[in-house]
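Descriptive analysis of the structure
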Amino acid sequence: MYLLAFLDRSNIGNAKLEGLVTQLDLTGNRFNITLIMFIIPYCLLECPANLVLKVFRPSRWLPGINFAWGVVMTLMAFVKTYPQLVGVRICLGIAEAGLFPGVVYYLTLWYPRHMLQYRIGLFFGAATVAGAFSGLLAFGIGYMGGMEGLEAWSWIFMLEGLATIVVAIIAFFVLVDFPDTAKFLTPEERAFVVWRKKYDNSSVGEEERFAPRHVWAAFRDWQVWLHIPIYVSIVGPLYGITLFLPTIINSFGYNTPVSQLLTVPPYVAATLTLLVFAHYSDKLKIRSPFILAGLTMCLIGFSMNISTAPIGVKYFGTFFIVMGSYAAYPGIISWLGNNLSGQYKRSVGMPLQMCIGNFSGAVAAVIYRSQDSPRFVLGHALELMFVGIGFIFLPIVAFIYKRINAQRDATERLATERGEKIQYSEQELRELGDRAPDFRYTL
């Protein structure tokens, strides 16, 4: 589902090389505005969509929105004017908004904290595979231009939209809801999964009942607001390279078919890097060093591309950008998910991070201007600014977590030495969540 979601939102970059700009008269900044009009409703609706997930159940909500954006994607093949394209992109943003935060939250209900990043990595790996597929499919579909009176870009939208509809229909029948209702598990297995997750980060389990205070607790939590700049530092480069990699490679002087094919290797490398990062991050039970490594890769890649280096060096730099941004993304998602305790607080805090942070994608959508080709100095410079934000805030967050953990360790040690008993009831510890004295933050 997510492979197709990412394919459907990013294939406009491939369609641009197949005549979309010419036929719909996307002169000036019209193409960039089209990209923004997807991101704005997508960002605004991520947080509310996660609360809807609890009402409609994952097995109905996720395939339902999957089907909706498949229909929108298919209809995009028949747009004839710029305003029509903008309107359909808005609808696509509305339909896709609930998928990623919904699935990430869904995974947090199934897996313990330190098994989470690899699962998110497998899920988000679909995005890197989509990047590779997008170039390959665009290369093949490009030869369908003129068939049935449709341009190649129309066929890209239509065929990929129809594939999305088929997957949505299958998902209606195979997707399960929550661990305690999973029919493919035995009663003993269901009980074990629920027990393992419930007591993963607390000796008394998580708060599971909804109360309005959980929403306000997420909005007031310092973690969410300090994680947002780090999220921005990853998502800005990720959106920029995803939407404009075909254009950047085309600016190196390659023709359209070769440019489409050359987008594939960076995504293949990114898929492998992402899975390696996710595996070792879970194994070592740490997040920040792997996020820092991803930001460092982005720094190297954008530095290569903003320079006057030869084309071969710049193309090699795109590998670093794609690998760094895609490999770091599951880490920043998992990091906040690991450190927010309480199902409903997490269901608000995580999409709030994405909702605000994804607006950096709107910035990334307009900074690669056609008049800046072939060096795209403005675009690469602003992406380096995003990366710099991450280098500032990531050490701050890691330091605060380490300090709080040390304080709680010291308090617990002192209480043990004095023979003091726990001063809180089990219900009070559940309500405290990640502020409870027995909770330890993942670094």
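Rules used in this analysis
- Residues numbered from 1 in each chain as written.
- Predicted model: local features only at pLDDT ≥ 70, side-chain atom pairs only at ≥ 80, totals over all residues.
- Heavy atoms only, no water.
- Phe/Tyr/Trp six-rings, centres within 6.5 Å; stacked < 30°, edge-to-face > 60°.
- Helix = DSSP H or I, 4+ residues; strand = E, 2+ residues; numbered from the N terminus.
- Buried < 20%, exposed > 50% of the residue type's maximum accessible area, 1.4 Å probe, protein only.
- Core = buried A, V, L, I, M, F, W, Y, C linked by side-chain atoms within 4.5 Å.
- Contact = heavy atoms within 4.5 Å.
- Salt bridge = Lys/Arg side-chain N within 4 Å of Asp/Glu carboxyl O.
- Lys, Arg positive; Asp, Glu negative; His and termini not counted.
- Polar contact = N/O pair within 3.5 Å; in protein donor to acceptor, adjacent residues only side chain to side chain.
- Axes fitted to C-alpha atoms, helices over the stretch in contact; angles between N-to-C directions.
- Left-handed = near helix turned anticlockwise from the far one by under 90°.
- Nonpolar A, V, L, I, M, F, W, Y, C, P; charged D, E, K, R; others polar.
- Parallel < 35°, antiparallel > 145°, perpendicular 65-115°, else oblique.

This brings us to the packing of aromatic side chains. The tally for this structure, following the rule as stated, stands at 30 aromatic pairs. Ring centres of tryptophan 153 and phenylalanine 157 lie 5.9 Å apart, and the angle between their planes is 70 degrees; this geometry places the pair in the edge-to-face category. In this pair, tryptophan 153 and phenylalanine 157 both sit in helix α7 (residues 152–174), four residues apart, roughly one turn of the helix. Across the pair, phenylalanine 157 and tryptophan 153 agree in class, each one buried. Seen in terms of ring centroids, phenylalanine 277 and phenylalanine 290 are 5.7 Å apart; in terms of plane orientation they differ by 65 degrees. Their pairing is edge-to-face. A residue pair is termed long-range when its members are at least 10 positions apart, and phenylalanine 277 in helix α12 (residues 264–284) and phenylalanine 290 in helix α13 (residues 288–306) qualify at 13 residues. The burial state of phenylalanine 277 is the same as that of phenylalanine 290; both residues are buried. In textbook terms, an aromatic cluster arises when at least three aromatic residues are bridged by ring pairs, as seen for Tyr2, Phe100, Phe123, Phe124, Tyr231, Tyr267, Tyr326 and Tyr329.

Membership of the largest hydrophobic core comes to 118 residues, with the highest contact counts inside it found for Tyr2, Leu20, Phe100, Phe157, Tyr326 and Ile333. No other element matches helix α14 (residues 311–339), which puts 13 residues into this core. Dropping the residues within four chain positions of it, leucine 20 is found in contact with Ile12, Ala15, Leu26, Phe31, Leu85, Trp153 and Phe157.

Tallied over the full model, the rule gives nine salt bridges. Salt-bridge contacts for lysine 345 lead to aspartate 434; the nearest nitrogen and oxygen are separated by 2.9 Å. Pair noted here: lysine 345 is in helix α15 (residues 343–357) and aspartate 434 is in the segment after α18 (426–432), with a separation of 89 residues, a long-range link. A salt bridge links aspartate 409 to arginine 440, with the shortest nitrogen-to-oxygen separation between them at 2.7 Å. Within this pair, whereas aspartate 409 is found in helix α17 (residues 377–418), its partner arginine 440 is found in the segment after α18, the two being separated by 31 residues in sequence. Classification of aspartate 409 by relative accessible area gives partly exposed; the value is 34%. If you follow the salt bridges from partner to partner, you end up with Asp221, Lys345 and Asp434 in one network.

Another point: the side chain of glutamate 46. Considering the arrangement of structural elements, one finds glutamate 46 in helix α2 (residues 30–56). Here glutamate 46 sits buried without a salt bridge, and the closest side chain of opposite charge, arginine 9, lies 6.9 Å off (N-O distance). Reaching out from glutamate 46, the side chain makes a polar contact with the backbone nitrogen of cysteine 355 at a distance of 3.2 Å. Those residues in contact with glutamate 46, other than ones at most four positions away along the chain, are Ala97, Pro101, Pro351, Met354, Cys355 and Asn358.

Moving on, we come to the packing of helix α6 (residues 116–141) against α14. Where α6 meets α14, the axes come as close as 9 Å, and the angle between the chain directions of the two elements is 140 degrees. Seen along the crossing, α6 lies across α14 with a hand that is right-handed. Here α6 contributes Leu116, Gln117, Ile120, Gly121, Phe124, Ala127 and Thr128 to the contact with α14, which in turn contributes Tyr326, Tyr329, Pro330, Gly331, Ile333, Ser334 and Asn338. Of the residues assigned to the contact of α6 with α14, the class counts are eight nonpolar, six polar and no charged.

Working note: non-glycine residues mostly have negative phi, and peptide bonds are mostly trans. Here serine 373 and proline 374 are connected by a cis peptide whose omega angle stands at 10 degrees. Looking at the element boundaries, proline 374 is found in the loop between α16 (359–364) and α17. Unusually for a residue other than glycine, lysine 285 sits at a positive phi of about 60 degrees.

As a further point, take the environment of alanine 132. Structurally, alanine 132 is set in helix α6. Among the residues examined, alanine 132 registers a relative accessible area of 10% and is labelled buried. The sequence separation of alanine 132 and threonine 263 amounts to 131 residues, and the corresponding C-alpha distance is 6.6 Å.

Two elements in contact, α6 and α7, have axes whose closest approach is 9 Å; the angle formed by their N-to-C orientations is 125 degrees. If you check the angle between α6 and α7, you find them oblique. The element α6 and its partner α7 pack so that their crossing is right-handed. For the pair formed by α6 and α7, the contact residues are Leu137, Ala138 and Ile141 on the first element and Ala152, Trp155, Ile156, Leu159 and Glu160 on the second. Split by residue class, the contact of α6 with α7 holds seven nonpolar, no polar and one charged.

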